[in-house]
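Breakdown of the fold
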Amino acid sequence: MRSDTIKRGFDKTPHRSLLRATGLKDEDFNKPFIGVANSHIDIIPGHFFLQEYGRIVKEAIREAGGVPFEFNTIGVDDGIAMGHDGMLYSLPSRELIADCIETVMNAHKLDGLICIPNCDKIVPGMLMGALRVNVPTIFVSGGPMKAGHKKDGTPIDLATAFEAVGQHADGKMSDEELYEIECEACPSGGSCSGMFTANSMNTLCEAMGVALPGNGTVLAMTPERIEMVKTAARRIVEMVKDENSEKWNMQNILNEKAIHNAFVVDMAMGGSSNTVLHMLSIAKEAGVDFDITQINKISENVAHIAKISPSLSTVHMDDINRAGGVNAVMKEVSRRGGILHTDAMTVTGETLGERIKDAVIKDTNIIHTNENAYSPVGGLSILFGNLAEEGAVVKTAGITPNMRRFKGSAVCFNSQQEAIAGIVGHKVKAGDVVVIRYEGPKGGPGMQEMLAPTALIMGMGLGESVALITDGRFSGATRGASIGHVSPEAAEGGLIALIEDGDEIELDVDSHLLQLNVSYEVLEQRRLHWKPIKKEIPSKWLKRYSLLVSNASNGAALKTEL
């Protein structure tokens with residue numbers, strides 16, 4: 001066992017003495033040591049109850065013949081950090097989480113790992129760290145929350161709350177209605193109930209085979225979820241005790257086929273645009289050569305068969321679970337043949353094909369068939385053009401048909417805060433393209449999510465007449481013609497930095513085009529006079545992050561060599 005490094009031989013007497021201080025007995029030194037990476041944190045609705053999950057996991061590991069060692073990672077709640085400078089820390093937290101996993105696991109030579117994440121950057125951060133450690137690993141997330149409901153029975157969620165701010169600001173909603181939404185939108189613990197970033201990543205863990213079936217859809221804090229937690233804990237001990245345990249190492253499960261399958265499911269379910277950012281970084285950690293241009297090729301062969309909030313406000317993760325879950329989605333997608341790698345191995349010991357062979361769609365109003373798909377192509381698209389030479393991302397699942405092709409006049413803002421003030425101040429009108437720049441990984445720094453401005457646009461009734469482009473990113477709760485991850489970003493001299501108010505910007509989702517319709521000669525003249533905006537960065541961590549981070553088309557991964 002890997003842990004023999006810290007527990008075998010006379011020279012490890014001091015090590016064993018320290019371990020005995022934590023409660024270990026003689027018989028424990030012959031058992032596998034299992035790391036339990038818990039992202040419990042009181043301020044995040046998807047995480048405040050994970051301490052109990054950790055207790056259940058440790059008990060099950062002991063019963064199965066392992067020795068658990070629990071440790072924690074940090075977490076940032078994107079909804080609470082939204083719309084102010086707290087959001088600067090959200091994406092960088094992914095790197096800290098990955099570093100924490102690597103540090104604890106490798107410093108103590110633990111034999112296996114079970115990860116208990118749930119939200120936003122925490123899931124990809126743990127995946128990245130686990131890939132570096134490369135021991136048998138299983139993921140079991142906290143699970144999604146229930147949808148909220150208004151008094152009249154209308155289903156609502158966090159996206160409703162953000163868009164309600166725009167409606168209230170525009171005089172379309174009373175104080176009483178706003179308060180009702182505030183109190184009812186998030187009714188329980190769990191990751192926010194739509195196909196936002198957290199639930200997108202938790203479903204992709206199923207697609208990649210690193211989690212049990214239902215990981216992305218079974219509600220948090222339910223008996224079914226607790227049983228899943230126990231099963232995962234027992235399974236990690238089995239994996240580590242296997243005489244050929246190396247076959248369960250993380251990189252043998254999360255490999256090229258798994259990355260491909262993740263994007264297939266992402267397309268079928270119209271996941272958060274943030275998944276592109278995270279999956280590119282996860283691919284790098286897995287040693288998989290995955291170029292952003294491959295995403296459109298996958299999309300062309302995958303029908304979009306499940307619309308979930310924010311793309312369809314009446315459908316939430318619990319509905320997907322009742323309709324057959326991610327397994328039913330994968331089974332339906334696989335009917336087209338050759339697109340899903342059904343021979344990919346999963347942590348349960350079966351292939352993906354074996355896992356989904358008996359899956360059925362129980363409600364075709366929730367999970368459609370290929371023949372009745374929302375779209376014959378996937379719910380995410382990568383755009384290219386002079387404005388996005390290295391790519392930009394749009395969640396096509398959330399765009400109304402009339403906005404798939406759009407030309408508009410630029411209204412430019414050099415920060416999210418400027419944009420929020422401008423939108424509330426009615427500087428944006430129908431036919432405009434809102435440009436928010438210097439919010440990329442380097443320029444932000446930290447690549448802020450833009451849920452506040454996009455929700456304002458929707459709440460003010462401009463969602464079908466205004467587009468938004470940014471070198472920042474969007475919350476999974478964002479919908480509309482919102483194009484993010486524009487690369488190169490403004491801070492590194494990308495063309496987005498040279499746009500002026502009134503310039504014509506062209507969007508064509510079906511042709512994968514994002515174009516600034518200004519002549520080359522004019523742009524060259526502008527470049528001669530351009531100076532990048534350098535923001536004051538008081539944080540030492542964010543300064544360091546800004547110096548090391550790559551742009552969004554490279555996953556906003558930190559450079560390890562200068």
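Residue positions within a chain follow its written sequence, with the count starting from 1. Note on the predicted model: pLDDT of at least 70 is required for a residue's local features to be given, and 80 or more for side-chain atom pairs to be given and counted; whole-chain, interface and lining totals, by contrast, use all residues. For the side-chain quantities, the full set of heavy atoms in the structure was used; hydrogens and water were omitted.

What about the overall build of the chain?
Within the chain, the secondary structure is distributed over 21 helices and 14 strands. The C-alpha atoms of the chain give a radius of gyration of 23 Å, which matches the 24 Å a tight globule of 562 residues would have. Along the three orthogonal principal directions, the C-alpha set of the chain runs to about 75 × 50 × 50 Å. Relative accessibility under 20% of the residue-type maximum defines a buried residue, over 50% an exposed one, and the middle range a partly exposed one, all with a 1.4 Å probe and only protein chains included. Looking at the chain as a whole, 61% of its 562 residues qualify as buried. Contacts are residue-level and defined by heavy atoms, with any inter-residue pair within 4.5 Å sufficient. Excluding contacts between residues fewer than 6 apart, the proportion of contacts in the chain whose partners are at least 24 apart in sequence is 76%. By the criteria applied, helices consist of DSSP H or I runs no shorter than four residues and strands consist of E runs no shorter than two, each listed in order from the N terminus. What the globule rule says is 2.2 Å times the number of residues to the power 0.38, and the radius of gyration is computed from C-alpha atoms.

Details of the sheet that holds strand β3 (residues 112–116)
Paired strands are those between which DSSP finds at least two bridges. Across the sheet, four strands lie side by side as β2-β1-β3-β4; this open sheet has parallel pairing. In this open sheet, the two edge strands, each paired with only one partner strand, are β2 (67–72) and β4 (137–139). Pairwise comparison of adjacent strand axes, ignoring direction, gives a mean angle of 20° for this sheet. The pairing of β3 with β4 spans three bridges and is classified as parallel. Looking at the pairing, I114 lines up with I138 of β4. Note on geometry: axes are lines fitted to C-alpha atoms, helical ones only across the stretch in contact, with angles between N-to-C directions running from 0 to 180 degrees. In this fold helix α6 (residues 122–133) packs onto β1 (33–38), β3 and β4, with an angle of close to 175° to the strand it touches most, β4.

What about the pattern of salt bridges?
A side-chain nitrogen of Lys or Arg and a carboxyl oxygen of Asp or Glu constitute a salt bridge if their distance falls within 4 Å. This structure, assessed with the given rule, holds 29 salt bridges. Ionic pairing is found between K121 and E449, a salt bridge with its closest N-O pair at 3.9 Å. You can see K121 sitting in the loop between β3 and α6 and its partner E449 sitting in the loop between β10 (432–436) and α19 (451–459), a full 328 residues away along the chain. For K121, a relative accessible area of 1% corresponds to the buried category. Put simply, D319 and R322 hold a salt bridge, and the shortest N to O gap is 2.2 Å. Pair noted here: D319 and R322 are both in helix α15 (residues 317–322), with a separation of three residues, about one helical turn.

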